[in-house]
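Reading the structure
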Amino acid sequence: MERLLGAVRARQRRQLWLQGALLGIALGLVLGVAGGFLGLVSPTAGRWLVMLAPVVGALLAVGFGVGLSLRTVGDDARTARLIGERHPALSLDVLAAVELERDRQPGHSELLADAFLRQMDARAERVDVATVVDGQRLKQAGLVLGGVVLVLGVLLVFAGSRWRVGWNKALESMNPTAQAEVREPITGDIELTYRYPAYTGLAPRTVPGTNGEVSAPAGTEVQLKTRSDREVERAELVVNGETLPLVVTGKRELTGSFVAKKAGGYHFVFYGSGRAALATGPDIPLNVEVDTPPQVQLLTPAAELEVDPGQQVVLKYEASDDYGLSGLALVYRMPGAKEESRVALPRTDGRRDKNTYTWSLDTLKAQPGDRISYYIEARDNDAVEGPKRGVSRTQVLRIYSAAEHLRAALQKAEALWGRLVDHLADRLEGPEREKVKDAQKVASAQSVDTSGLSLVADMRALAQELSRERDTPNELVTALANIADKVGQRVRATSDFRRVYLRTQQRHVGNDFGTGPRLSALVTEEINEVEKDVLYLESLLDRQKLEALQELAKQLANERRELARLIEDYKANPDEQTREQVMQRIQEMRGRIQELMQRMAELRQGIRDEHLNAEALQDMMKDQDMTSALDDVERLMREGKTDEALAKLQELSMQMDDMLNGLNDAEEEFGGEQYPELSQKFSQFMGDLEKTAQEQKRVADATQAIRDQARKQNQDRLSERGKAMKDELQRQLEQVQKNYRELREDQLSSRASRPLEEAQAELENARNALKVDDFDLAAEATQRASEAAQQLASYGEQQRSLDEMYGNPPDVRRQSAQLAEQLEKDARTVEDANRKLQSLFPPPGSQLSPQEKQQLQELAEEQQGLEQQAKGLRQQMQEMEQMAPLFGQEAGEQMEEIGRRMGEAAQRMQGKDANRGHGEQQAALEGLRQFQQQMKESQRGKGKGRGLPLPMGMGRGQGNGQDPREKVEIPDEEAYQAPKEFRKDLLDAMKEGTPEKYRDQVKRYYEELVK
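A quick note: this is a predicted structure, and the numbers were derived from the prediction, not measured. (Residues numbered from 1 in each chain as written. Predicted model: local features only at pLDDT ≥ 70, side-chain atom pairs only at ≥ 80, totals over all residues. Heavy atoms only, no water.)

**Observations regarding the overall build of the chain**
From N to C terminus, the chain includes 26 helices and 19 strands. Residues counted as buried form 44% of the 1011 residues belonging to the chain. Within the chain, contacts between residues at least 6 apart in sequence are counted, and of these 74% link residues at least 24 apart. Carbon and sulfur atoms make up 50% of the accessible area of the chain, which amounts to about 52,800 Å² in all. (Helix = DSSP H or I, 4+ residues; strand = E, 2+ residues; numbered from the N terminus. Buried < 20%, exposed > 50% of the residue type's maximum accessible area, 1.4 Å probe, protein only. Contact = heavy atoms within 4.5 Å. Areas by Shrake-Rupley, 256 points an atom, 1.4 Å probe, with all protein chains shown as cover.)

**Section: the side chain of Thr782**
By secondary structure assignment, the location of Thr782 is in helix 20 (residues 775–805). A polar contact is formed between the side chain of Thr782 and the backbone oxygen of Ala778, at a distance of 2.6 Å. In contact with Thr782, other than residues within four places in its own chain, are Leu733, Ala766, Val830, Ala833, Asn834 and Leu837. (Polar contact = N/O pair within 3.5 Å; in protein donor to acceptor, adjacent residues only side chain to side chain.)

**Remarks on a nonpolar patch on the surface**
A grouping of Leu150, Val154, Val157 and Phe158 is seen on the molecular surface, where their side chains present a nonpolar patch of about 480 Å² in accessible area. By the element assignment, Leu150 lies in helix 7 (residues 136–172). A residue is classified by how much of its surface remains accessible, and Leu150, at 59% relative accessible area, is exposed. (Patch = residues over 30% accessible without salt bridge, like charges linked within 9 Å, V, L, I, M, F, W, Y side chains within 5 Å. Salt bridge = Lys/Arg side-chain N within 4 Å of Asp/Glu carboxyl O.)

**Side note on the nonpolar core**
Ranked by size, the top nonpolar core spans 70 residues in total, and within it Leu476, Phe685, Phe887 and Phe931 carry the most contacts. Counting only elements with at least two residues in this core, the list comes to helix 9 (402–428), helix 11 (446–467), helix 12 (474–507), helix 13 (515–572), helix 18 (676–741), helix 22 (850–881), helix 23 (889–910) and helix 24 (914–938). It is helix 12 that provides the largest number of residues to this core, a total of 12 residues. Ignoring anything within four residues of it in the chain, the contact list for Phe685 reads Leu873, Gln876, Met877, Met880, Phe887, Phe931 and Met935. Core analysis: the second largest hydrophobic core is formed by 32 residues, Leu748, Phe775, Ala788 and Leu819 among them. (Core = buried A, V, L, I, M, F, W, Y, C linked by side-chain atoms within 4.5 Å.)

**Some thoughts on the pattern of salt bridges**
Counting across every chain of the model gives 44 salt bridges. Notably, a salt bridge pairs Lys251 with Glu233, separated by 3.6 Å at the nearest N-O pair. A residue pair is termed long-range when its members are at least 10 positions apart, and Lys251 in the loop between strand 6 (242–249) and strand 7 (253–260) and Glu233 in the loop between strand 4 (220–227) and strand 5 (234–239) qualify at 18 residues. Judged by its relative accessible area of 46%, Glu233 is partly exposed. Note that Glu897 is salt-bridged to Arg901, the shortest N-O span being 3.2 Å. Of this pair, Glu897 and Arg901 both sit in helix 23, 4 residues apart, which is roughly one turn of the helix. Look at the salt bridges and you will find they share partners, linking Arg427, Glu432, Asp449, Arg498 and Glu526 into a network.

**Brief notes about the packing of aromatic side chains**
Applying the stated criterion across every chain, the model contains 8 aromatic pairs. Taking 5.3 Å as the distance between ring centres and 45° as the angle between the ring planes, the aromatic pair formed by Tyr332 and Trp359 counts as tilted. Placement of the pair is Tyr332 in strand 14 (residues 325–333) and Trp359 in strand 16 (residues 352–360), with a sequence separation of 27 residues. Comparing Tyr332 with Trp359, the two get one shared label, buried. Through pairs of rings, three or more aromatic residues link up here, namely Phe258, Tyr266 and Phe268. The positively charged end of Arg234 is found above the aromatic ring belonging to Tyr271, 3.9 Å away from the centroid. (Phe/Tyr/Trp six-rings, centres within 6.5 Å; stacked < 30°, edge-to-face > 60°. Lys NZ or Arg CZ within 6 Å of the ring centre and 35° of its normal.)

**Remarks on the sheet that holds strand 11 (residues 295–300)**
Strand order in the open sheet made by the 3 strands is 11-13-16, with antiparallel pairing throughout. Of all the strands in the sheet, the pair left with one neighbour each is strand 11 and strand 16. Here the average twist between neighbouring strands, direction ignored, is 25°. Here strand 13 (residues 312–320) pairs with strand 16 via 9 bridges, running antiparallel. Paired with Ser320 across the two strands is Arg352, which belongs to strand 16. (Pairing = 2+ DSSP bridges. Axes fitted to C-alpha atoms, helices over the stretch in contact; angles between N-to-C directions.)

**Brief notes about the UniProt feature "transmembrane region" (unreviewed entry) in the chain**
Those places that UniProt annotates as "transmembrane region" (unreviewed entry) correspond, in this numbering, to residues 21–42, 48–70 and 143–163. Along residues 21–42 the backbone is 95% helical and 0% strand, and the end-to-end C-alpha distance reaches 29 Å. (UniProt positions renumbered as here; feature names shortened; annotations may be inferred.)

**Concerning helix 19 (residues 753–771)**
End to end, helix 19 covers 27 Å across 19 residues, agreeing with the expected 27 Å (1.5 Å per residue, within 8%). Buried within helix 19 are the following residues: Pro755, Leu756, Ala759, Glu762, Leu763, Asn765, Ala766, Arg767, Asn768, Ala769 and Leu770. One or two residues past the end of helix 19 sits Asp773, with phi positive at roughly 60°. (Expected span 1.5 Å × (residues − 1).)

**Regarding the packing of helix 12 against helix 13**
Between helix 12 and helix 13, the least distance of the axes is 10 Å, while the angle of their chain directions is 165°. If you check the angle between helix 12 and helix 13, you find them roughly antiparallel. In the packing of helix 12 onto helix 13, the handedness of the crossing is left-handed. (Parallel < 35°, antiparallel > 145°, perpendicular 65-115°, else oblique. Left-handed = near helix turned anticlockwise from the far one by under 90°.)

**Things to note about the packing of helix 11 against helix 12**
When two helices pack together, you describe them by how their axes are tilted relative to each other and by the distance separating the axes. Close contact between helix 11 and helix 12 brings their axes to 8 Å; oriented N to C, the two are set at 160°. Comparing the axis directions of helix 11 and helix 12 gives the class roughly antiparallel. Handedness of the crossing formed by helix 11 with helix 12: left-handed. Here the contact of helix 11 with helix 12 is composed, by residue class, of 15 nonpolar, 6 polar and 6 charged. (Nonpolar A, V, L, I, M, F, W, Y, C, P; charged D, E, K, R; others polar.)

**A word on the side chain of Gln737**
Among the secondary structure elements, Gln737 is positioned in helix 18. Residue classification places Gln737 among the buried positions, given a relative accessible area of 5%.

**Comments concerning the confidence of the model for the chain**
Mean pLDDT for the chain: 79, with 77% of residues reaching 70 or above. Below pLDDT 50 for its whole length, residues 177–182 participates in 3 contacts with residues either more than four positions away or in separate chains. Across residues 955–987 the pLDDT falls below 50, and counting only partners more than four positions away or on other chains, this stretch makes 41 contacts in the model. (pLDDT = per-residue confidence, 0-100.)

**A look at unusual backbone geometry**
Cis peptide bonds are those with omega within 30 degrees of zero, and the linkage from Thr300 to Pro301 qualifies with 5°. Take Pro301: it is sitting in the loop between strand 11 and strand 12 (304–307). Positioned with a positive phi, Asn240 is a non-glycine residue whose angle comes to about 50°. Looking at where Asn240 falls in the secondary structure, it is placed in the loop between strand 5 and strand 6. Its identity is not glycine, yet Lys251 carries a phi of approximately 60°, on the positive side.

**Some details on the environment of Gln930**
Within the secondary structure, Gln930 sits in helix 24. Judged by relative accessible area, Gln930 falls into the partly exposed class, the value being 39%.

**Points about helix 9**
For helix 9, built from 27 residues, the straight-helix expectation of 39 Å at 1.5 Å per residue is met to within 8% by its first-to-last C-alpha distance of 38 Å. Along helix 9, the residues classified as buried are His405, Leu406, Ala409, Leu410, Ala413, Leu416, Leu420, His423, Leu424 and Arg427. At its buried positions, helix 9 is contacted by strand 12, helix 11, helix 12 and helix 13. The N-cap of helix 9, judged by a side-chain oxygen 3.2 Å from the amide nitrogen of Glu404 a few residues on, is Ser401.

**Things to note about the environment of Gln732**
Inspection of the secondary structure assignment puts Gln732 in helix 18. With 98 residues separating them along the chain, Gln732 and Val830 place their C-alpha atoms 7.6 Å apart. Each residue touching Gln732, except ones within four places of it in the same chain, is listed here: Thr829, Asp832, Ala833 and Lys836.

Right, here's the structure in full:
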């Protein structure tokens, strides 16, 4: 029994040693082969790996033979259990025999124990040890070794030469002395000839007398020519482990070539008549220049640009490559597109290209709010490794969306509205309203003044910002500007008087001399103003939200029509592409409907019930159930039932129309319940404005008839006398104009430049007027020219006096004296022409009959009545201003200017000056028409005149509604010349004359038009 147990343990240990040896050999072989390949890159690392291969293999064998033996080979009991497991017939008898032999208990029968042991010894003799110890693991280790040998053999068959080179390098690194002896240079200077790839466009280049170091692009053929330091029978060139034969001529001359594929090195190997190498040269560096990808820059436009759907975008780009470009493309991606789209761009042959491309967005079918990403792509002409790709930075085109701009504007305006509410709360809780005031608290409230002025400045800035954008509601811009003006006045008044109150308190403690109540009154006035503005601005913002919903509903209707068109196209020509377009458009409409529902929810939360029954509108949306209808359309299209889909789409159209009508009705009545008195006053004001304009036109027409009759009576006399002196006047004015043109800038002081320009311009106007026999205009222009000429003469005399005073050189004094004399002479000439022209005209009213004078007097009285009506209109505006910020300072000044013009017209007419009276009437009438036009534009969309009155627009001068990207045609030279008929009409209009206060402005205006 003991022999069996010992034999089992011995076999176990033997198999573990064999298993470890087999695995160690396999691991050693792997490390040895790996060390050879590693030697190509790092001989030292390869050497260490080769040296470690047998050590690691031996350690693995010892680990199995010793370490695992201690863990797996057990004592007699453990071995007995193993035998029992392998031979079930022995079962537990072996273990029982071991335990009985090891520990016999007193009182047991010795005879029976000995008999049992002898029986077990006999049975153990028949047990084969090989059946007890499992040899499967040993077989697996043998298979592992066999597989490793097979794999390594195949690897060495294909890469044996490279492995040998690396193995040799690793072995050579073990003996530095021998390596130094073998690695000495064995050739002379090396002549290199580069034949570059065709795509580089580089000519072949020969470099003589080098040390052999190669630097060239990938794919370059390198031809070598050198001389060995000894006679050789054959020679090889080893390039990155690849052996290439060299041509040996005369046993010393060596030639060969290789293609530079990747960086590394090469060396020479010499052979004699035998197979052993005579000498191996040192490694020579092989540098492969990297063909870098193209460099691309997108110069313009900016990184993110907002454009219209059909706009053209000019792309300016620049691309370069070290050897050449093979293609340029514009790459862009539409929202929701699965793949990018490409547009080939023009290019020039060469290494650098700088060009522009006009990208038309018409074909993209972009929707408002879409973001189109794009970049420029360039590819080089690398024919060796394949074309490389370079791209510019990715930029974005944002399709203009009026809805998004309006939403952003409303967000900014709502933020300011919130600050206005906070300012109101601060004023309501302020210490200024207390009867007994605490000076310290009043002083601390100065921060409210500061924040209020900051709010006013931000409102004004936002109004200016929005006025420069297109599609921004003019009423919102005007309301912000009006509120900023009115609130700003109130806040500044409070702030200024607060300082007065505090100074009074500092000087007279306990006695404010009435400044306290006055401060309270100013704060109360400010509170009333802010309360009015808060309520009106809130209503206006709610109205803008409702208009945004209307616009979104209109977009839905347009998309519904486009969807119907696509279904019709699919019905006429059923194909998969059209069907996919239909399905995509259905998904887009579903998104729009969800957006509408979300915006409706936002509206219901943010709008007041007195403005709109938002819950009823939301219920209407639910009743329409447009999403369900769209689902039915999609289902019918998938089933191929186009007729039923079109019918369902028509039902959806009717639902959308009902919703849009509901929004339109809500917008029409918006604010009417909150501002009934204001709406009534506004309607009355618009009617009175129209009536005043009509009456002013009637009176102006009657005045014009009287003026024309007087002008006709004086025309013949004026023409006859004027023509007699026309030629002489032309000659005089032309000579003076010539003298002025010959003046140099250094002859007079800088102050004389303006009167000189005015004199020249007026002389030109006078000469032009004389050419067309317009003696009225000629007289006015000559009078202004005479005034400018007198100023020039005085400047000339001043210059002469200064030269005399400072004792300048005689030549300078003589020139200044001559100049002063000439300017004085020119001034007298112009004044003489002026007197001649003024003598042609009779005094005002001298040509009117008594009846015409009576009619003109009656018209003057009516004109005075119109002046009172204008004052009444201004009073109505002020009353409405107490209720809402409808009119700003500009509107008030406009109406005051209209009334002033009417008063001027009445005064002129009372003085029997029909010409100038009619001119003032025309100015007043034009002002009324402009005021009416601005009022009508501000009340857009209020067809029935009900609902919330909107602020009067600030006019086109503020830039609102202007599109800065609108293309303008550059006029040619002829475009600046007005037609002769138009110029004649303007000259006639100037005969009416102008009031002294506005003479210069009107003069410059007409000068520009007549040129």
